[in-house]
Amino acid sequence: MSLPGLELAEAAVEAQYAPPPPTQVNLRAGSEWRFEIAFGATVRVKLLTGTAELFGTELAPLQTYTFSGTKAAIYTWHGCTLEITAGETVNTSSNGFAPGGSTTSTGGIGGGGQTQGFGAGGCSSEYVAEDTPMVEYSNVHFGLETMRQEAQNEGGKDGPRVLILGPENAGKTTLTKILTGYATKMDRQPIVVNLDPTEGMLSVPGTLTATAFRSMIDIEEGWGSSPMSGPSPIPVKLPLVYFYPMKSPLEAEGNVFKPIISRLALSVTARMAEDDDAREAGIIVDTDGSLGSGTPKALELIHHIVTEFSISTVLVIGSERLYSTMVKNYDQKPTTSASATHSDERITVLKLSKSGGCVDRDEAFMKAVNESQIRSYFFGTAATSTASSATSVGGVITSIAGGGGSNSNKITLSPHTQQLDFESLALYNYTITSTTTEEEEDEYDPSNFGAGAESYTSLTDQHHDTSPYDPLSSTYSSSGPSGSTNNDTLPLKKFTQPPTLALANSLIAITHVPPNAPVADIRDSSIMGFVYVADVDADKKKIRVLAPVGGRMPAKALVWGKNWPGEVVGLVG
Ligand SMILES: Nc1ncnc2c1ncn2[C@@H]1O[C@H](COP(=O)(O)OP(=O)(O)OP(=O)(O)O)[C@@H](O)[C@H]1O
């Protein structure tokens, strides 16, 4: 192609790019290889000698792991040699599967060559770092392990309930993975709770989940996979999923987030009460970066989490200020379960270093991560790995609520599309005013939906937070009341018809409650699964949806993910 005005011929991308030859990386004991791989590029990593782990989960020797759209590090305690090879590229533009979908299967550098970087194996960035906080993190693990041992020895005592806090990109999720990986390696079965709606854990973005980890985390995909039919190299996990279709816990003054947390905590506590393995191993709670902001509202939500999950250990990464606030509010204060069990259990607050490897993920990368999570929820993952064989199955899924975030079993699913009569659906939408400054106001306007005010109903939120507020009273005295009580109306409205075009390309969650359930019940319901709106026919009042399973749409209340995860274009061609 000629460049206008310059009469220079631009070399073809393929010609510019030669696949890098396999590279060997020698890691000394206590160092890590940090790498970034763009979406669309794949890089294969093999452990040739020694031992190594990726965020707490050990790599099997001589097995090839394939990574795409990843920023991570492989750490070694005793030294190792890794082999890094370029994998095939993924067509990110035209197949409707981008960025996490089908591959060109060229075995080399294909049309998407521009996504390959110039580092080893086509990484866009890679280097070896000697300075890591892994010793600190492993000490935390052994501290937690002592608490688990105590819980095991003294029947009835709970294992550690850990809350991980910090600003965005401080490494909270990474620490959660490391602690979970180490715990499962020691045959513990911790319950991992994800309270970060920006990124799904074993589910799509916009979900808050709790999962009992009985087996190892998947190296390539982050968290492993939730149940679906077909062979799976890593045992699947079954998350309990709640839908929170907002980007930040602080939206709607935290009034939607808090009751869902209470629900989640109730389920987790019930599970711990009847499952000794879970009780001994305890809970690890990963949070959203906005809770690390230290604002009164964020502190109030932290307090809610600490209370509801009876947190015993608070880990703060990468924020001295937040650490000092947490020490002031919680260190050596009794846990909420201490008063219930008449024990003397006290909260410990610890400060941890942020890893120098933590990378800021820009909006485009996060968008690709989120789209990839949603895409894999419906389509499974492409067969990129030589470590596991791909199998096409009929898309029959036994449980559909999870599955999105990390379907590592390289299964291609076949979701079903079907036409639905919009009038037969009970669709609800959160009508919040976004607190995120860059987002436009999102007030509910019935006229947008072509329906009068009578087409939606509004019920009052029944939830009142009665949790004691002592530890934080000093914090709030200067800023006045927290403001959590000035919005008693739950911003969850039902609308009927006609369907709006804004529905197209968005997700709808199927709850477990009947269509006419009170809105507080709809908000508090766990999720059966998701459908994706492929098309809207406003005239005929019909929508075409993509569902992970065939058959009739369950007659349940539905919640629209309009604000978040929002529009995901091109899932269905
Ligand atoms: N040691 C490391 N080497 C390379 N990359 C790393 C390392 N630690 C973390 N990362 C990467 O940095 C990014 C941010 O880390 P992580 O997701 O753990 O942060 P977070 O605090 O959970 O962020 P958020 O609040 O936005 O969810 C991730 O892509 C993660 O894989």
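The shown structure was predicted, so the numbers you read here are calculated from the model rather than taken from an experiment.

Rules and cut-offs
- Residues numbered from 1 in each chain as written.
- Predicted model: local features only at pLDDT ≥ 70, side-chain atom pairs only at ≥ 80, totals over all residues.
- Heavy atoms only, no water.
- Core = buried A, V, L, I, M, F, W, Y, C linked by side-chain atoms within 4.5 Å.
- Buried < 20%, exposed > 50% of the residue type's maximum accessible area, 1.4 Å probe, protein only.
- Domains from an automatic or database assignment.
- Pairing = 2+ DSSP bridges.
- Helix = DSSP H or I, 4+ residues; strand = E, 2+ residues; numbered from the N terminus.
- Axes fitted to C-alpha atoms, helices over the stretch in contact; angles between N-to-C directions.
- Parallel < 35°, antiparallel > 145°, perpendicular 65-115°, else oblique.
- Left-handed = near helix turned anticlockwise from the far one by under 90°.
- Contact = heavy atoms within 4.5 Å.
- Nonpolar A, V, L, I, M, F, W, Y, C, P; charged D, E, K, R; others polar.
- Near = heavy atom within 4 Å.
- Polar contact = N/O pair within 3.5 Å; in protein donor to acceptor, adjacent residues only side chain to side chain.
- Areas by Shrake-Rupley, 256 points an atom, 1.4 Å probe, with all protein chains shown as cover.
- Buried area = accessible area lost by both parts, 1.4 Å probe.
- Expected span 1.5 Å × (residues − 1).
- Arc of directions from axis to C-beta.
- pLDDT = per-residue confidence, 0-100.

Colleague: Explain the nonpolar core here, please?
Modeller: As a rule of thumb, nonpolar side chains are buried together in soluble globular proteins. Core analysis: the largest hydrophobic core is formed by 67 residues, its most contacted members being Val193, Ile302, Phe309 and Met326. For this core, the two domains that each supply at least three residues are domain 2 (133-352) and domain 3 (418-434 + 489-560). One finds Leu54, Ile74, Ile84 and Ile178 within the second-largest nonpolar core, a separate group that totals 40 residues.

Colleague: What am I meant to see in the sheet that holds strand 26 (residues 542-547) here?
Modeller: Whenever strands of a sheet pair, they do so through backbone hydrogen bonds, lying parallel or antiparallel. If you trace the seven strands from one edge of the open sheet to the other, you get 21-26-25-24-27-22-23, paired in mixed fashion. For this open sheet the edge positions go to strand 21 (416-421) and strand 23 (492-495), each flanked by a neighbour on one side alone. Adjacent strand axes in the sheet meet at a mean angle of 35°, parallel and antiparallel pairs treated alike. As judged from the four bridges shared by strand 22 (residues 426-430) and strand 27 (residues 557-560), these two strands associate in the parallel manner.

Colleague: Explain the packing of helix 2 (residues 134-153) against helix 3 (residues 172-185) to me, please; I cannot follow it from the model alone.
Modeller: The packing of two helices is summarised by the inter-axis angle and the distance between the axes. Packing of helix 2 against helix 3 leaves a shortest axis separation of 10 Å and a crossing angle of 50°. Judged on the interaxial angle alone, helix 3 and helix 2 are oblique. Viewed along their axes, helix 2 and helix 3 form a crossing whose handedness is right-handed. For the pair formed by helix 2 and helix 3, the contact residues are Met134, Tyr137, Ser138, Val140, His141, Leu144 and Arg148 on the first element and Leu175, Ile178, Leu179, Tyr182 and Ala183 on the second. Of the residues that constitute the contact of helix 2 with helix 3, the class distribution is nine nonpolar, two polar and one charged.

Colleague: Please clarify how the site of the ligand should be interpreted in this entry.
Modeller: Around the ligand there are 21 residues in total, and Glu32, Lys71, Lys172, Thr173 and Thr174 lie nearest to it. Take Ser355: an N or O atom from its side chain is 3.1 Å from a nitrogen atom of the ligand. For the ligand, whose unbound accessible area comes to 630 Å², protein coverage reaches 92%. Where the shell around the ligand is concerned, the elements lending two or more residues are strand 4 (31-37), strand 9 (70-76) and helix 3. The residue makeup of the shell around the ligand, split by class, is seven nonpolar, seven polar and seven charged. When we break the shell around the ligand down by domain, the ones giving at least three residues each are domain 1 (23-91 + 118-129) and domain 2 (133-352).

Colleague: How do you make sense of the domain arrangement of the protein chain when you look at a structure like this?
Modeller: Accessible area lost upon the coming together of the parts is a frequently used measure of interface size. You can read the domains of the protein chain as domain 1 (23-91 + 118-129), domain 2 (133-352) and domain 3 (418-434 + 489-560). Each of domain 2 and domain 3 was reduced to a C-alpha centroid, and the two centroids are 30 Å apart. Listed per partner, the contact involves 16 residues of domain 2 and 16 residues of domain 3. When the two sides are added together, the surface that domain 2 and domain 3 hide from each other amounts to roughly 1200 Å², 73% of it contributed by carbon and sulfur.

Colleague: Looking at this structure, how should I read the sheet that holds strand 11 (residues 125-129)?
Modeller: Strand order in the open sheet made by the five strands is 7-6-9-4-11, with antiparallel pairing throughout. Of all strands in the sheet, those bounded by a partner on one side alone are strand 7 (57-58) and strand 11. Pairing of strand 4 with strand 9, which is carried by seven bridges, proceeds in the antiparallel orientation. Within strand 9, the residue paired with Trp33 across the bridge is Ile74.

Colleague: Please explain helix 2 as it appears in this structure.
Modeller: Structural remark: α-helix, 3.6 residues per turn; residues separated by three or four positions point the same way. With 20 residues, helix 2 extends 28 Å from end C-alpha to end C-alpha; this agrees with the ideal 28 Å at 1.5 Å per step. Those residues of helix 2 that sit buried are Met134, Tyr137, Ser138, Val140, His141, Leu144, Glu145, Arg148 and Ala151. On an axial view of helix 2, the arc spanned by its buried residues comes to 150°, and they lie on one face.

Colleague: Mind showing me how you'd approach the environment of Ala426 here?
Modeller: Along the chain, Ala426 falls in strand 22. The contacts of Ala426, once residues within four sequence positions are left out, are Lys494, Pro515, Lys556, Ala557 and Leu558.

Colleague: Quick question: what am I supposed to make of the confidence of the model for the protein chain here?
Modeller: The predicted coordinates of low-pLDDT regions are not to be read in fine detail. Mean pLDDT over the protein chain works out to 79, with 73% of the residues at or above the 70 mark. This stretch, residues 383-400, has a pLDDT under 50; its non-local contacts, to residues over four places away or in other chains, come to 57 contacts. In the model, residues 435-488 has pLDDT below 50 throughout and makes 90 contacts with residues more than four positions away in sequence or in other chains. Among the prediction metrics, the complex's ipTM stands at 0.99, with pTM recorded as 0.82.

Colleague: For this particular structure, what's the right way to read the environment of Leu299?
Modeller: You can see Leu299 is positioned in helix 6 (residues 296-308). By relative accessible area, Leu299 is classed as buried at 3%. Along the primary structure Leu299 and Thr325 are separated by 26 residues, whereas in three dimensions their C-alpha atoms are 9.0 Å apart.

Colleague: Got a minute to help me understand the packing of helix 4 (residues 257-274) against helix 6 in this structure?
Modeller: Running from N to C, helix 4 and helix 6 cross one another at 15°; their axes reach a closest spacing of 10 Å. In this view, helix 4 runs roughly parallel relative to helix 6, as classed from their interaxial angle. Of the two possible hands of crossing, helix 4 and helix 6 adopt the one that is right-handed. On helix 6, the residues that touch Phe257, Lys258, Ile261, Ser262 and Ala265 of helix 4 are Glu300, Leu301, His304, Ile305 and Glu308.

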